[in-house]
Amino acid sequence: MRIDVLTLFPEACEPFFAASILGRAQSGGNATIVCHNLRDYATDRHNTVDDRPFGGGPGMVMMCGPVFDAVDAIEKQDERQATRILLTPQGRRLDQAVLEELAGLPRLLLIAGHYEGFDERIRLGLAPRELSIGDYVLSGGEAAAMVVVDGVVRLLPGVLGDEQGAAEDSFSVFRGESRKTGAATPTETLLEYPQYTRPRVYHGMEVPEILLSGDHGKIAEWRREQARKRTAERRPDLLR
Ligand code: 6GU
């Protein structure tokens, strides 16, 4: 998959994309992530990308020209059809199902805005999908773009070492063929079960005996019970 990120702050995004799983996904050939500076597509000598709103009011508005020109130039850099995504608090709220859908596409072009908003003709002319990462306001779309890229790339085949690595995350759907649980039960969305590693006792707190038993059937059953209990306590809304 190729992901382009159009932003006023590529220097804020690039180190994030170079680290950890995302860095490895790129060096392993699973993903190509390219940041583009919107200011490079400004057409005046001050490199202006925003202007005051017609009709008055506070703040500045992202101008059409630089965004349209950038999208045009970036899309020509690769033959794959790019799915355009505008990051905005007005967009569809991101969830795991959206990430899974995006992970199946060949190419994404994320557009991170700043200032009070985008000239409405960016929406009308470029017809992007619009995504929000939650019901709160950030000063710009960069953090949201990083969230989307992270959430998508870790789902690409071969990115997580263990093929099933993402299958039992919180918010992933438990599937009948699940290797970790081995259980053939109907699909459900649960928070993840509690995990433990060495030492067996820490500050007087012990690892549950069942996890040391070696009985993988019993362990799978315990984990599913714990996941259900945790989900019921913390996120009853997920239990339909
Ligand atoms: Cl995508 N952008 C901004 N500026 N604020 C947000 C957001 C996006 N999602 C939640 N808040």
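What counts, and where the lines are drawn
Residues numbered from 1 in each chain as written. Predicted model: local features only at pLDDT ≥ 70, side-chain atom pairs only at ≥ 80, totals over all residues. Heavy atoms only, no water. Helix = DSSP H or I, 4+ residues; strand = E, 2+ residues; numbered from the N terminus. Buried < 20%, exposed > 50% of the residue type's maximum accessible area, 1.4 Å probe, protein only. Contact = heavy atoms within 4.5 Å. Areas by Shrake-Rupley, 256 points an atom, 1.4 Å probe, with all protein chains shown as cover. Lys, Arg positive; Asp, Glu negative; His and termini not counted. Charge placed at Lys NZ, Arg CZ, Asp CG, Glu CD. Phe/Tyr/Trp six-rings, centres within 6.5 Å; stacked < 30°, edge-to-face > 60°. Arc of directions from axis to C-beta. Near = heavy atom within 4 Å. Polar contact = N/O pair within 3.5 Å; in protein donor to acceptor, adjacent residues only side chain to side chain. 1 Å grid on protein atoms, 1.4 Å probe; cavity = no way out; pocket = protein on both sides within 12 Å on 5 of 7 lines; lining within 4 Å. Sits in = over half its atoms within 2 Å of the grid points. Pairing = 2+ DSSP bridges. Right-handed = clockwise from strand over helix to strand, strands pointing away.

### Side note on the overall build of the chain
At step 1: Looking only at helices and strands, the chain features 7 helices and 12 strands.
At step 2: Seen through its principal axes, the chain has C-alpha atoms that stretch 70 × 40 × 40 Å.
At step 3: A total of 240 residues make up the chain; the buried ones form 42% of that total.
At step 4: Summarising the internal contacts of the chain: among those between residues at least 6 apart in sequence, 72% fall at separations of at least 24.
At step 5: Counting every atom, the chain has about 13600 Å² of accessible surface; 51% of that belongs to carbon and sulfur.
At step 6: Placing the 29 positive and 36 negative side-chain charges of the chain at their respective mean positions leaves the two points 4 Å apart.

### Observations concerning the packing of aromatic side chains
At step 1: Across all of its chains, the model carries 1 aromatic pair by this definition.
At step 2: Ring centres of Phe16 and Phe17 lie 6.0 Å apart, and the angle between their planes is 65 degrees; this geometry places the pair in the edge-to-face category.
At step 3: Relative accessible area serves as the criterion here: at 34%, Phe16 is assigned to the partly exposed category.
At step 4: Judged by its relative accessible area of 3%, Phe17 is buried.

### Quick look at helix α1 (residues 10–18)
At step 1: Restricting attention to buried positions, one finds in α1 the residues Pro10, Cys13 and Phe17. Projected down its long axis, α1 carries its buried residues within an arc of 70 degrees, all on one side. Exposed and oriented more than 90 degrees from the buried face of α1 are Pro15 and Ala18.
At step 2: For α1, the secondary structure elements touched by its buried residues are β1 (2–7), α2 (20–27), β2 (32–37) and α6 (142–153).
At step 3: In the stretch just after α1, Ser20 is the one whose phi turns positive, near 55 degrees.

### What to know about the site of the ligand
At step 1: Around the ligand, the surrounding shell consists of Leu87, Thr88, Pro89, Leu131, Ser132, Ile133, Gly134, Tyr136, Leu138, Gly140 and Ala144.
At step 2: Taking Ile133, its main chain carries an N or O atom lying 3.0 Å from a nitrogen atom of the ligand.
At step 3: Tyr136 is positioned such that a nitrogen or oxygen atom in its backbone is 2.6 Å from a nitrogen atom of the ligand.
At step 4: Using a 2 Å cut-off from the grid points, one finds that the ligand occupies the largest pocket.
At step 5: Listed by contribution, the elements that provide at least two residues to the shell around the ligand are β5 (83–93) and β8 (129–132).
At step 6: Sort the elements by how many residues they give to the shell around the ligand and β5 lands first, with 3 residues.

### Concerning the pairing of strand β6 (residues 107–112)
At step 1: By the criterion of burial, β6 is predominantly enclosed, with 6 of the 6 residues buried.
At step 2: The side-chain alternation of β6 yields two buried faces, one formed by Arg107, Leu109 and Ile111 and the other by Leu108, Leu110 and Ala112.
At step 3: Sheet topology places β1 next to β6; 5 bridges connect them, and they run parallel. From the neighbouring strand, Leu6 faces β6, where its bridge partner is Ile111.
At step 4: Pairing of β5 with β6, which is carried by 5 bridges, proceeds in the parallel orientation. Counted as the bridge partner of Thr83 is Leu108 from β6.
At step 5: Each parallel crossover has a hand, and the one from β5 via helix α4 (residues 96–103) to β6 is right-handed.

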